[in-house]
Amino acid sequence: MLALAERLGQGTDFVRVDLYAVDGRIVFGELSSFPAGGDSPFEPASFDEVFGSHWTPPRRYR
């Protein structure tokens, strides 16, 4: 699983690779650019707005 995660994340500066061992086989979950499911607190809290200001959410999320 580690070798597969390394291959899937190759060429990126950060990616969380979710893989699961199910009945002796590897099952792919997802690739995510956010550690902890994007639920990590910012320290200080004001950085939340600073970092978020660089992205424009798609219209369907506004």
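Residues numbered from 1 in each chain as written. Predicted model: local features only at pLDDT ≥ 70, side-chain atom pairs only at ≥ 80, totals over all residues. Heavy atoms only, no water.

**Notes on the pattern of salt bridges**
Evaluation of the coordinates by the stated rule reveals two salt bridges. One salt bridge in this structure joins Asp18 and Arg16, with 3.0 Å as the shortest N-O distance. With a relative accessible area of 16%, Asp18 lands in the buried category. Here Glu30 and Arg16 are joined by a salt bridge, their closest N and O atoms 2.8 Å apart. Pair noted here: Glu30 is in strand β2 (residues 25–32) and Arg16 is in strand β1 (residues 16–22), with a separation of 14 residues, a long-range link. Here the salt bridges do not stand alone but share partners, grouping Arg16, Asp18 and Glu30 into one network. (Salt bridge = Lys/Arg side-chain N within 4 Å of Asp/Glu carboxyl O. Buried < 20%, exposed > 50% of the residue type's maximum accessible area, 1.4 Å probe, protein only. Helix = DSSP H or I, 4+ residues; strand = E, 2+ residues; numbered from the N terminus.)

**Considering the environment of Phe42**
Mapping Phe42 onto the fold places it in the loop between β2 and α2 (47–52). Overall, the relative accessible area of 35% leaves Phe42 in the partly exposed class. C-alpha of Phe42 to C-alpha of Val27: the two residues are 15 residues apart in sequence and 31 Å apart in space. Apart from residues no more than four positions distant in its own chain, Phe42 is found in contact with Phe47, Asp48 and Phe51. (Contact = heavy atoms within 4.5 Å.)

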